[in-house]
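# Topology and contacts: notes
Now for the letters of each chain:
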Amino acid sequence: GLHRQVLFTTVGWFVGYYLTKRTEYIHAKMDRELFGYVQQHPEDFKVAGKKRIGELLEDFYPVR
């Protein structure tokens, strides 16, 4: 009945909320660790020169 739908909706909302918060926590933790690694090893992550958009894209050949 209706009470089951309300119960399952409530349970689903809480489970989804928990999983979302846990996912955000795991990603924030991983970002913090990777950012710390990049700061400690700048020689491995050199800044590349700027490229124009034409250098990044392949040539366009229309197919008919």
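The preceding data block contains the structure.
Residues numbered from 1 in each chain as written. Predicted model: local features only at pLDDT ≥ 70, side-chain atom pairs only at ≥ 80, totals over all residues. Heavy atoms only, no water.

Quick look at the environment of Lys50 now. For Lys50, the location among the structural elements is in the loop between α1 (2-40) and α2 (53-56). Sequence spacing of Lys50 and Val38 is 12 residues, and the spatial spacing of their C-alpha atoms is 20 Å. (Helix = DSSP H or I, 4+ residues; strand = E, 2+ residues; numbered from the N terminus.)

Going through the model one piece at a time under the given rule, you end up with three aromatic pairs. Both rings, one in Trp13 and one in Phe14, keep their centres 5.1 Å apart while their planes meet at 85 degrees; by these two values the pair is edge-to-face. On the numbers, 5.4 Å between centres and 10 degrees between planes, the contact of Trp13 with Tyr17 is stacked. Placement of the pair is Trp13 and Tyr17 together in helix α1, with a separation of four residues, close to one helical turn. Residue class for Trp13 comes out exposed when judged on its relative accessible area of 53%. Exposure remark for Tyr17: the relative accessible area of 44% places this residue in the partly exposed category. (Phe/Tyr/Trp six-rings, centres within 6.5 Å; stacked < 30°, edge-to-face > 60°. Buried < 20%, exposed > 50% of the residue type's maximum accessible area, 1.4 Å probe, protein only.)

Let us look at a nonpolar patch on the surface. Taken together, the side chains of Leu7, Phe8, Val11, Val15, Tyr18 and Leu19 make up a nonpolar region of the molecular surface, amounting to roughly 620 Å² of accessible area. Relative accessible area serves as the criterion here: at 52%, Tyr18 is assigned to the exposed category. (Patch = residues over 30% accessible without salt bridge, like charges linked within 9 Å, V, L, I, M, F, W, Y side chains within 5 Å. Areas by Shrake-Rupley, 256 points an atom, 1.4 Å probe, with all protein chains shown as cover. Salt bridge = Lys/Arg side-chain N within 4 Å of Asp/Glu carboxyl O.)

Quick look at the pattern of salt bridges now. If you walk through the whole model with that rule in mind, you get one salt bridge. Measuring nitrogen to oxygen at the nearest pair gives 4.0 Å for the salt bridge that ties Glu24 to Lys21. Of the two residues, Glu24 and Lys21 both sit in helix α1, three residues apart, roughly one turn of that helix. For Lys21, a relative accessible area of 43% corresponds to the partly exposed category.

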